[in-house]
Amino acid sequence: MADWKNEAEARAHIKAMVADYYHEFKEKKEGFKPGDRISYASRVFDEKEMQALADAALDFWLTTGRFSDEFEKRFAEWIGVKHAHLVNSGSSANLIAFMALTAPELGGRQIRPGDEVITVACGFPTTVTPVLNYGAVPVFVDVTVPQYNIDVAKLEGALSGKTKAVMIAHTLGNPFDLKVVKAFCDEHGLWLVEDNCDALGTKYTIDGEERFTGTWGDIGTSSFYPPHHMTMGEGGCVYTDNPLLHRLILSFRDWGRDCICPSGKDNFCGHRFDVQHGELPVGYDHKYVYSHFGYNLKVTDMQAAVGCEQLKKFPGFIERRRHNWDRLHQALEKVQDKIILPEPAENSIPSWFGFLISVRPGSGLERNRITGYLEGHNIQTRLLFSGNLIKHPCFDQIRGTGAYRVAGDLAVTDFIMNNTFWIGVYPGMTDAMIDYMAEVIAEAVR
C-alpha cells in the first residue's frame, strides 16, 4: 500500500510522476538539423498539459465538468465575450453556430430552408456543410490574392431577397475585411458568423476599436484540433454576446433541450414540473422537453483540462507565430519575382496559422513541382484546403439543382486551386527551421 495520507497527497504524487515521465520520454532534447522533418503544424506542450490530463482522468468525470466550466469562463474573459461554449470540434462549432440561426425564436430573422448564406468556395468545407445539409443555399463569392479572403466588392452582387447571413472564415490567420463585411450585414439585417478556427488571437480594428476576430460578428467559432493555434486534441468553441443566441447555442449543443439546468442540477429554473410545452401534458418534466432538433456535441473534461493549460501559454504561441511568419516573409522577399507572398489585411494584427505562397503568373513554375521539391526535402506542405469547393466530388450530385449558386465568377478561387500552397509557422518552429524552409523554397523556385 502506498503511504498517502489523503487523496490530495495521492494526486500530487501521481502528477509529479507524470512530470518525470514527460521530462524523460516526451521532452525534446535535440536541436534541428537540416533535413529533419518539418511539419506544417504540431502540438506544443509540456508536463503541465499531461498533469492536467491525469488530474481530470483521476476525477473519472467522463463528460463536461469542472475543467470545461473553467475553460469556458477563462476563454470568454480572454477573447472578450459574455458567453463561450465548448463543443467537440471546430466543425461542430460551425454546425451549432449555423443551426442556432435556424431557431423559430428568431422570428423574421430565422434562417429557413431555401434562404441564402453568402460564403466562399476557397476554404474548408465545414463552413459550408451545415448550410447545405439544412437546405439553405450557399452563395459563393470570389476571393482576393494576396489576402486570400472574400472579395468584398462582390458582396452587393451576391445579395438577394432571400439572403439571411454571411458565414465565412478568416484565412490562415489573416482576417477578411471585417469593417466592410460587418457594415454590409448591419445595413441589410444579416447575421454574421465568423469562422475563427484558423485565426484565434488575430486582432482587428474598426473606427479605433480593437477586438479579437470572432467577436465582431454575431457568433464566432474556434477549433482546438492539434494543428490549430492551441489544442485539446479534438475540441471547439462557439461564442457570442447575444443572450438569445447563447441560449440557442446551448440548446442545439445539448440535444435540443428547452431546459437550462446546468449538468447535474435539477429544477434550476424552479419550474420543472408546472409548465405546459407544445402539445405535452401540463407539468411534463422540463429536463425532457425538446424545443429544437439538436445534438450531443459536448467536449469531455479531459480535453478541457488540456485546454486550460494551453490557454495559459497561448499569448506566447501567438507572438511566436508572428515572429516566424515575419522572418519567413523577409527571407523570401528575394524571390518574390517568382512567387506571390502573402500580405496581412489592413487594420489587422494577424495570429498566423500558416504562410501562403502562390506561383506568380508568367514565372514558368508549377505549384506541384515546388511542393514536390519541398516534400522531398522533408518540409510538409498543404494546399489552401478545398481550393474551389464546388469542383469536389461532394458537389457531383447537386450541380444544376439550385442547391447553391455562384455570384459572378470564381476566377481567383480557381487560380488559388491551381497555384497556391502553404507551409507552417507554428510556435514549435525555431529560427533554424524557418531559415531552412526559406532556403529550400528559394532553391525550388530557381
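Please refer to the structure placed before this passage.
What counts and what doesn't
Residues numbered from 1 in each chain as written. Predicted model: local features only at pLDDT ≥ 70, side-chain atom pairs only at ≥ 80, totals over all residues. Heavy atoms only, no water. Pairing = 2+ DSSP bridges. Helix = DSSP H or I, 4+ residues; strand = E, 2+ residues; numbered from the N terminus. Contact = heavy atoms within 4.5 Å. Axes fitted to C-alpha atoms, helices over the stretch in contact; angles between N-to-C directions. Phe/Tyr/Trp six-rings, centres within 6.5 Å; stacked < 30°, edge-to-face > 60°. Lys NZ or Arg CZ within 6 Å of the ring centre and 35° of its normal. Expected span 1.5 Å × (residues − 1). Buried < 20%, exposed > 50% of the residue type's maximum accessible area, 1.4 Å probe, protein only. Arc of directions from axis to C-beta. Parallel < 35°, antiparallel > 145°, perpendicular 65-115°, else oblique. Left-handed = near helix turned anticlockwise from the far one by under 90°. Nonpolar A, V, L, I, M, F, W, Y, C, P; charged D, E, K, R; others polar.

Caption draft 1: Representation of the sheet that holds strand S12 (residues 354-359) within the structure. Overall, antiparallel pairing links the 3 strands, which are arranged S10-S12-S14 in an open sheet. In the strand order of this sheet, the two ends are held by strand S10 (339-340) and strand S14 (420-424), each with one partner. When S10 meets S12, the two strands line up antiparallel, connected through 2 bridges. In the sheet register, Ile339 faces S12, and the bridge partner there is Val359. Where helix H10 (residues 367-376) meets the sheet, its contacts fall on S12 and S14, and the angle it forms with S14 comes to roughly 20°. Against the sheet, helix H12 (residues 431-445) contacts S10, S12 and S14, and its axis sits at roughly 160° relative to S14.

Caption draft 2: Layout of the packing of aromatic side chains. According to the stated counting rule, one finds 20 aromatic pairs in the structure shown. Note on Phe385 and Trp422: the rings are 6.3 Å apart at their centroids and 70° apart in plane angle, and the pair reads as edge-to-face. Linking Phe385 in the loop between H10 and strand S13 (405-406) with Trp422 in strand S14, this pair joins segments that are 37 residues apart in sequence. Clustering of aromatic rings is evident, with ring pairs tying together Phe71, Phe75, Trp78, Phe212, Phe224, Tyr239 and Phe314. Above the ring of Trp191, the side-chain terminus of Arg109 is found at 3.7 Å from the ring centroid. The ring of Trp216 carries Arg211 above its face, with NZ or CZ at 4.0 Å from the centroid.

Caption draft 3: A look at helix H3 (residues 66-79). Taking 1.5 Å per residue as the helical rise, H3 with its 14 residues ought to reach 20 Å, and the 20 Å between its terminal C-alpha atoms agrees with that figure. Considered for burial, the residues of H3 that qualify are Phe67, Ser68, Phe71, Glu72, Phe75, Ala76 and Ile79. Down the axis, H3 shows its buried residues gathered within 155° of arc, on one side only. Away from its buried face by more than 90 degrees, H3 exposes Lys73 and Glu77. Looking one or two residues past H3, Gly80 carries a phi angle of roughly 95°, positive in sign.

Caption draft 4: Just the side chain of Gln303, in detail. Here Gln303 shows up in helix H9 (residues 301-332). Sequence-distant contacts of Gln303, that is, excluding residues within four places in its chain, are made with Met232, Glu234 and Gly235.

Caption draft 5: Up close: the environment of Ala199. Of note, Ala199 is situated in the loop between strand S5 (191-195) and strand S6 (203-206). Among the residues examined, Ala199 registers a relative accessible area of 0% and is labelled buried. Between the alpha carbons of Ala199 and Gly123 there is a distance of 13 Å; along the sequence they are 76 residues apart. If we ignore the near neighbours within four places in the chain, the residues touching Ala199 are His170, Gly173, Thr213, His229 and Ser351.

Caption draft 6: Spatial organisation of the pairing of S12. For S12, the tally of buried residues reaches 6 of 6 residues, placing the bulk of the element in the interior. Across the two faces of S12 the burial is the same, with Gly354, Leu356 and Ser358 and Phe355, Ile357 and Val359 all buried. Where S12 meets S14, 5 bridges bridge the pair, whose relative direction is antiparallel. Paired with Ile357 across the bridge in S14 is Phe421.

Caption draft 7: Expanded view of the packing of H10 against H12. Relative to each other, H10 and H12 sit at 140°, their axes nearing to 9 Å. When the interaxial angle is binned, H10 and H12 end up oblique. In this structure, H10 crosses over H12, and the sense of that crossing is right-handed. Mapping the contact onto sequence places Ile370, Tyr373 and Leu374 in H10 and Val440, Ile441, Glu443, Ala444 and Val445 in H12. For the contact of H10 with H12, a count of residues per class yields 7 nonpolar, no polar and 1 charged.

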